[in-house]
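# Examination of the molecular architecture
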Amino acid sequence: MRGVAAVNAIAGVRRRRQILVLGNGAAGAEKQALALASKLQLFLPSHENVSVAMCRVPYATRLHASLPPIAHVFLARCSLDPWIGYASFIPTSPPDVVIGCGRSTVALCAGFKQAFPSVFNIQIQHPRVNLRYFDAVVAPFHDFPSTMSQHGRPPPSNVHLTPGTVCDISRASLASARQAWLDDPSSWAHLPSPKIAVLVGGSCRGYSFTLGMPITPTLFSMTCSPNPFMGFLAHAAAIVATPDSISMVTEAIASGMPTFVCDSHLTTVHMYSVPYTTKCTLFMPRLERWFGGPVTLGSNVI
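All of the points below concern the structure found in this document.

Criteria and cut-off values
Residues numbered from 1 in each chain as written. Predicted model: local features only at pLDDT ≥ 70, side-chain atom pairs only at ≥ 80, totals over all residues. Heavy atoms only, no water. Helix = DSSP H or I, 4+ residues; strand = E, 2+ residues; numbered from the N terminus. Buried < 20%, exposed > 50% of the residue type's maximum accessible area, 1.4 Å probe, protein only. Contact = heavy atoms within 4.5 Å. Areas by Shrake-Rupley, 256 points an atom, 1.4 Å probe, with all protein chains shown as cover. Core = buried A, V, L, I, M, F, W, Y, C linked by side-chain atoms within 4.5 Å. Polar contact = N/O pair within 3.5 Å; in protein donor to acceptor, adjacent residues only side chain to side chain. Arc of directions from axis to C-beta. Patch = residues over 30% accessible without salt bridge, like charges linked within 9 Å, V, L, I, M, F, W, Y side chains within 5 Å. Salt bridge = Lys/Arg side-chain N within 4 Å of Asp/Glu carboxyl O. Pairing = 2+ DSSP bridges. Axes fitted to C-alpha atoms, helices over the stretch in contact; angles between N-to-C directions.

## Topic: the overall build of the chain
Looking only at helices and strands, the chain has nine helices and twelve strands in total. Burial statistics for the chain: of 302 residues in total, 43% are counted as buried. Intrachain contacts of the chain at a sequence separation of at least 6 include 59% that bridge at least 24 residues. As displayed, the chain offers around 16,400 Å² of accessible surface, 60% of which is attributable to carbon and sulfur atoms.

## Some details on the nonpolar core
Within the largest apolar cluster, 24 residues are counted, with the highest numbers of intra-cluster contacts made by Leu22, Val73, Val98, Leu108, Phe112 and Phe134. Counting residues per element, the ones that place at least two in this core are β1 (17–23), α5 (106–115) and β5 (136–140). No other element matches α5, which puts six residues into this core. Counting residues in hydrophobic clusters, the runner-up holds 21 residues, among them Leu174, Phe229, Ala241 and Met248.

## A short note on the environment of asparagine 130
Relative to the helices and strands, asparagine 130 resides in the loop between β4 (120–124) and β5. Each C-alpha atom of the pair asparagine 130 and isoleucine 70 lies 7.8 Å from the other, and the pair is 60 residues apart in sequence. In this structure the side chain of asparagine 130 is engaged in a polar contact, spanning 3.0 Å, whose partner is the backbone nitrogen of arginine 132.

## Examining helix α8 (residues 246–254)
For α8, the buried fraction is high: nine of the nine residues fall into the buried class. Once α8 finishes, glycine 256 follows within two positions and takes phi at roughly 90°, a positive value.

## Some words on helix α4 (residues 69–79)
Inspection of α4 places Pro69, His72, Val73 and Ala76 among the buried residues, and these make up the whole buried set. Looking straight down α4, one finds that the buried residues subtend no more than 95° of arc, so they occupy a single side. Turned more than 90 degrees from where α4 packs its buried face, Ile70, Phe74 and Cys78 sit exposed. Buried-residue contacts for α4 involve α3 (62–66) and α5.

## What to know about the environment of alanine 33
Here alanine 33 lies in helix α2 (residues 27–43). With a relative accessible area of 0%, alanine 33 lands in the buried category. A C-alpha to C-alpha distance of 7.7 Å links alanine 33 and valine 166, two positions 133 residues apart in sequence. Not counting chain neighbours up to four residues away, the residues in contact with alanine 33 comprise Val21, Ile99, Cys101 and Ile124.

## Looking at a nonpolar patch on the surface
A cluster of nonpolar side chains, namely Leu34, Val52 and Met54, defines an oily patch on the protein surface of about 200 Å² accessible area. Among the secondary structure elements, leucine 34 is positioned in helix α2.

## What about the sheet that holds strand β3 (residues 97–101)?
The parallel open sheet is built from six strands, whose spatial order is β2-β1-β3-β4-β5-β6. Looking at strand neighbours, the two that pair on one side only are β2 (50–56) and β6 (159–162), the edges of this open sheet. Adjacent strand axes in the sheet meet at a mean angle of 20° when their direction is disregarded. Bridging between β1 and β2 involves seven bridges; their strand directions are parallel. Opposite glycine 23, over in β2, you have arginine 56 as the bridge partner. Helix-sheet contacts for α5 involve β1, β3 and β4, and the interaxial angle to β4 is about 165°.

## Remarks on the pattern of salt bridges
It is possible for side chains bearing opposite charge to pair when their charged atoms get close. The tally for this structure, following the rule as stated, stands at four salt bridges. For aspartate 135, the salt bridge is made with lysine 113, and the minimal N-O distance between the two is 2.8 Å. Taken together, the positions of aspartate 135 in the loop between β4 and β5 and lysine 113 in helix α5 put the pair 22 residues apart, joining distant regions of the chain. Judged by its relative accessible area of 24%, aspartate 135 is partly exposed.

As structure tokens, then:
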């Protein structure tokens, strides 16, 4: 009887699994990684008792920070030190899943697989290193331009392409944000409708934003607490967004509201094998087909 009781007790104990998100201090990248982690929590069996944790591991020196990911991964392989270049990072026990997003997490995410082969490592966005270092790469179509033409090459089996970026916008999250604003008498939910949300990012590679641009008569700080971003999406009848952030535009379209991307022609950059194009024109058609919502590209806002 004792043996049966012991077996039943062991069977009743939930196995605890951990998803580790590698943070890099960039809000957009960390939001994508955390969104993917939360989705994995939903799809994994409930008895797995999955927890999510995030850690930020800085570079050890400026020299290591300046290395491109391909050189950093090569250095880790040659030195047999998966943590080389990172400040005092030697995990005592491996997580079950590691998720990285952004340039500074590439070598660290690959290092987990090097140190602990049983770890399932996922890199969001094209890592710009050999894809075999990762169990899965989750990236938007425009990160792999060769797959976007009618006769494009299929991606490797461990690459999973998305129309936009990974985000956590859902009907439930929008409903929650909408109700939170309705319950707050000081919120903007009680202003007359229809409301138009203007989402303003900032300067980035290929796009320069200045306060002299005529698209925003009023600027609201996104550092206020609580962050009003979800409230904007939940109550807007239409959304206007600047083109500097693919993540921001993806979230706007995921809300289901008509979305206008202004100044899209100003994001002209040389992207990989597609010369002198814009990141908006690379990913916008995919988003329109995926979300089924209207997206307009324009040079100004009327």
